[in-house]
Amino acid sequence: MNETLVTVVGNVASAVSYAQTAGGVPVANFRMATTERRFDRGAGDWVDGDTTWITVVAWRWLATNLVSSVNKGDPVVVSGRLRVREWGEEGHRRTTVEIDARSVGHDLARGTSAFRWAVRGRGEPVPAGAGALGDAGDFGASAPGGGPVGVDEAVPDWIVAAVAARRSADAAVPPGASLPGADGQRVPAATG
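These lines cover the structure that appears in this document, whether it is placed above or below. The shown structure was predicted, so the numbers you read here are calculated from the model rather than taken from an experiment.

## Overview of the pattern of salt bridges
Should their charged atoms come close, side chains of opposite charge can pair.
Working step 1: Under the criterion given, the structure shown has eight salt bridges.
Working step 2: Note that Asp100 is salt-bridged to Arg81, the shortest N-O span being 2.8 Å. Here Asp100 is found in strand β6 (residues 94-106), whereas its partner Arg81 is found in strand β5 (residues 75-87), with 19 residues between them in sequence. Accessibility assignment for this pair places Asp100 and Arg81 in one class, buried.
Working step 3: Among the ionic pairs, Asp100 bridges to Arg102, the shortest N-O distance being 3.3 Å.
Working step 4: Under the relative-accessibility criterion, Asp100 is labelled buried at 9%.
Working step 5: Each of the salt bridges in this network shares a partner with another, and the network as a whole consists of Glu3, Arg81, Arg83, Asp100 and Arg102.

Laid out in C-alpha cells, this is it:
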C-alpha cells in the first residue's frame, strides 16, 4: 500500500476536539493553518502567500496527549499520512485536506516547550454526564442512547480538566480574532 507521508509546519487554528469511537478508541482532531512564505524580489521583502487549512486527526495515545499539550494558536509540526477527500455533486464538488497524524509537536524554531512523560494508568469510571468531552458527532460516533461517546467510560481526570480548560480559554477569544503566523504576522482564525 502506497501512502503519501507529509510534514507540515503551521499554527493550531481551533480547539482540540476529543471523543471516543463506539469501540472505545480515543480520537482527537484540530484545524491547522499553514501559510506559505516567499521572497518578493520587487519589494525586496518576504511576503505571505496563500493559507492552507488542514484538519489533523490523531488516534489512541497521540489523541489523549494532544488534549493536554496543544492549544489554539500554538506553532506545531505535524507529520503523517495525507488524505484529500472530495464530495458533492458534479459542478459543486468540495475538497478537504486531512492529515492522519503519526506525530505532532511544538515548533521549537518559534518557541520553547517542556516535555512530560505521559502516565499510562487506568482511569476511574466516570459518572454519567461527568465525562462528556465533546461532540461525538465530529467523529460520527455516538453512544447507544444518542449521547456523546465516552460518557460512561473511564476517562482520566487530567483529560477532563484539560478539555474544560480549553473550553474556557476558547470562550475568551473574541470572534474574528487572528493567530500569530510563522514570522509574527497575524493569520485569521479558522472559520470551520
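## A few points about the side chain of Asp100
Working step 1: A polar side-chain atom of Asp100 sits 2.8 Å from a polar atom in the side chain of Arg81.
Working step 2: Within the local environment of Asp100, its side chain forms a polar contact with the side chain of Arg102, the two groups lying 3.3 Å apart.
Working step 3: Filtering out sequence-adjacent residues up to four positions away, Asp100 remains in contact with Val57, Trp59, Gly80, Arg81 and Arg83.

## A closer look at unusual backbone geometry
Working step 1: Positive phi outside glycine occurs at Arg60, with the angle close to 55 degrees.
Working step 2: Relative to the assigned elements, Arg60 resides in helix α1 (residues 60-69).

## Some remarks on the nonpolar core
Working step 1: One finds Phe30, Leu66 and Val78 to be the most contacted residues of the largest nonpolar core, which totals 21 residues.
Working step 2: Of all elements in the fold, only β1 (5-12), β3 (26-40), β4 (45-59), α1, β5, β6 and α2 (157-171) reach the threshold of two or more residues within this core.
Working step 3: Contacts of Val78, omitting those with residues within four sequence positions, involve Val6, Thr7, Val8, Phe30, Met32, Val56, Ile99, Ala101, Ser103 and Val104.

## Structural notes on the packing of aromatic side chains
Working step 1: Within the structure shown, the criterion is met by two aromatic pairs.
Working step 2: Ring geometry for Phe115 against Trp117: centres 5.1 Å apart, planes inclined by 85 degrees, an arrangement best described as edge-to-face.
Working step 3: You can call Trp117 exposed: its relative accessible area is 77%.

## A look at the environment of Asp50
Working step 1: Here Asp50 lies in strand β4.
Working step 2: Separated by 15 residues in the primary sequence, Asp50 and Thr35 place their C-alpha atoms 5.8 Å from one another.
Working step 3: Dropping the residues within four chain positions of it, Asp50 is found in contact with Thr34, Thr35 and Glu36.

## Describing the pairing of β6
Working step 1: Here β4 runs beside β6; their pairing, made up of three bridges, is parallel. By the bridge assignment, Val57 is partnered in β6 with Asp100.
Working step 2: Taken together, the 12 bridges between β5 and β6 define a ladder with antiparallel strand orientation. When the sheet's bridge partners are listed, Arg83 is paired in β6 with Glu98.

## Topic: α1
An α-helical segment advances 3.6 residues per turn. Residues three or four places apart therefore align on the same side.
Working step 1: Of all the positions in α1, only Ala63, Thr64, Leu66 and Val67 are classed as buried. Seen along its axis, α1 keeps its buried residues to an arc of 155 degrees; they face one direction.

How each quantity is defined
- Residues numbered from 1 in each chain as written.
- Predicted model: local features only at pLDDT ≥ 70, side-chain atom pairs only at ≥ 80, totals over all residues.
- Heavy atoms only, no water.
- Salt bridge = Lys/Arg side-chain N within 4 Å of Asp/Glu carboxyl O.
- Helix = DSSP H or I, 4+ residues; strand = E, 2+ residues; numbered from the N terminus.
- Buried < 20%, exposed > 50% of the residue type's maximum accessible area, 1.4 Å probe, protein only.
- Polar contact = N/O pair within 3.5 Å; in protein donor to acceptor, adjacent residues only side chain to side chain.
- Contact = heavy atoms within 4.5 Å.
- Core = buried A, V, L, I, M, F, W, Y, C linked by side-chain atoms within 4.5 Å.
- Phe/Tyr/Trp six-rings, centres within 6.5 Å; stacked < 30°, edge-to-face > 60°.
- Pairing = 2+ DSSP bridges.
- Arc of directions from axis to C-beta.

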